[in-house]
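# Survey of secondary and tertiary structure
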Amino acid sequence: MGWESWIRDGREIEPSLYAADFTRLGEQIDVLLAAGCRVFHFDVGDGHFIPPVTIGPVVLRAIAPMIHAAGGVIDCHLMVSDPAHHIPEFAESGADSVTFHVEAVADPADVAAAARAHGLAVGVAFNPATAPSRAAVDADRADADMILCMSIEPGYSGQAFMPAAIARIEELAGLVDIPIQVDGGIGETNAKAVRDAGACLLVAGNAVFADPDPGAAYARIRAAAA
């Protein structure tokens, strides 16, 4: 399934499962599927590229069948120091895409080729300290399907959106012709500004899962981005 069909009408919200209540993970995914969500963001941290160790293939294997059965996809964000090493296991565990950081690799084209060899779509991510122009060049070298602009420092859920990200998204939109994803601090109050700046894939963690009704929160953020 290509990115074009994932973003549908250009305002897709991706709930970040890292922020979910893991005692009710399956239940919360079901609620989001019922609300119309079909793209789920799966954050992977290795304790090296980012400080925390987050979730990995064991969790992915548990949830992939229910998401795929509903026609959904799982977008894996690899915040790891050696993404190529992990690609085979994530592909086998149910990933539909992998996004790796330009700061973590020497040759983005090699990592992208490894992902495509396993049938995965490819994203290229960059941190707030990295220039959008550099990220755009690396995305082009990787022939990426999308590019991810971080609007927080990667690693911990619940951080506030960095206002400077708006200008970075606008700059990036003038440099690339692929979908722009934004991750960090997205919610009802800023979803439209982020979309208007040029992004079409918005990752939302706490704004979805801290709400008593994640499905309703997802719908509100999606409507706000319209």
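Computed from a prediction, not measured in an experiment: that's the story for all the values here.

## Comments concerning the overall build of the chain
- Broken down by element type, the chain carries 10 helices and 8 strands.
- Over its C-alpha trace the chain gives a radius of gyration of 16 Å, about what one expects of a compact globule, namely 17 Å for 226 residues.
- Along the first, second and third principal axes, the C-alpha atoms of the chain reach 40 × 35 × 35 Å.
- For the chain, buried positions account for 55% of its 226 residues.
- The contacts in the chain between residues at least 6 apart in sequence include a share of 68% that link residues at least 24 apart.
- On the chain, roughly 8700 Å² of surface is accessible, and the fraction owed to carbon and sulfur atoms is 54%.
- Positive and negative charge centroids in the chain, built from 13 and 30 side chains respectively, lie 6 Å apart.

## Quick word on the side chain of Thr130
- Tracing the sequence through the fold places Thr130 in the loop between strand S5 (121-126) and helix H6 (132-142).
- With near-sequence residues (within four places) excluded, Thr130 lies in contact with Val102, Glu103 and Arg168.

## A look at the pattern of salt bridges
- Following the criterion strictly, the structure yields 11 salt bridges and no others.
- Here Asp21 makes a salt bridge to Arg24, at a shortest N to O gap of 3.2 Å.
- In this structure, Glu188 engages Arg220 in a salt bridge whose closest nitrogen and oxygen atoms are separated by 3.0 Å. One end of the pair, Glu188, is in the loop between strand S7 (180-183) and helix H8 (191-197); the other, Arg220, is in helix H10 (residues 214-224), and 32 residues separate them in sequence.
- With a relative accessible area of 42%, Glu188 lands in the partly exposed category.
- A cluster of three or more residues bridged by salt bridges with shared partners is formed by Asp107, Arg134, Asp138 and Arg141.

## Section: the environment of Asp183
- Structurally, Asp183 can be placed in strand S7.
- Since its relative accessible area comes to 7%, Asp183 is described here as buried.
- When near neighbours in sequence (up to four residues on either side) are disregarded, Asp183 contacts His41, Asp43, His77, Leu148, Cys149, Met150, Ser151, Ile152 and Val203.
- For Asp183, the side chain forms a polar contact with the side chain of His41, separated by 3.3 Å.

## Focus on the environment of Ala20
- On the secondary structure map, Ala20 appears in the loop between strand S1 (12-15) and helix H2 (25-34).
- For the pair Ala20 and Ala117, spaced 97 residues apart in the sequence, the C-alpha separation amounts to 31 Å.
- Residue contacts for Ala20: discarding those within four places in its chain leaves Leu25, Gln28 and Phe209.

## Quick word on the pairing of strand S6 (residues 146-150)
- With 5 of 5 residues buried, S6 is to be regarded as a mostly interior element.
- Burial of S6 is two-sided: the residues Met146, Leu148 and Met150 facing one way and the residues Ile147 and Cys149 facing the other way are all buried.
- When S5 meets S6, the two strands line up parallel, connected through 4 bridges. Looking at the pairing, Gly123 lines up with Met146 of S6.
- Of the pairings in the sheet, the one linking S6 to S7 comprises 4 bridges and is parallel in character. Paired with Met150 across the two strands is Asp183, which belongs to S7.

What counts as what
Residues numbered from 1 in each chain as written. Predicted model: local features only at pLDDT ≥ 70, side-chain atom pairs only at ≥ 80, totals over all residues. Heavy atoms only, no water. Helix = DSSP H or I, 4+ residues; strand = E, 2+ residues; numbered from the N terminus. Rg over C-alpha atoms; globule rule 2.2 N^0.38 Å. Buried < 20%, exposed > 50% of the residue type's maximum accessible area, 1.4 Å probe, protein only. Contact = heavy atoms within 4.5 Å. Areas by Shrake-Rupley, 256 points an atom, 1.4 Å probe, with all protein chains shown as cover. Lys, Arg positive; Asp, Glu negative; His and termini not counted. Charge placed at Lys NZ, Arg CZ, Asp CG, Glu CD. Salt bridge = Lys/Arg side-chain N within 4 Å of Asp/Glu carboxyl O. Polar contact = N/O pair within 3.5 Å; in protein donor to acceptor, adjacent residues only side chain to side chain. Pairing = 2+ DSSP bridges.

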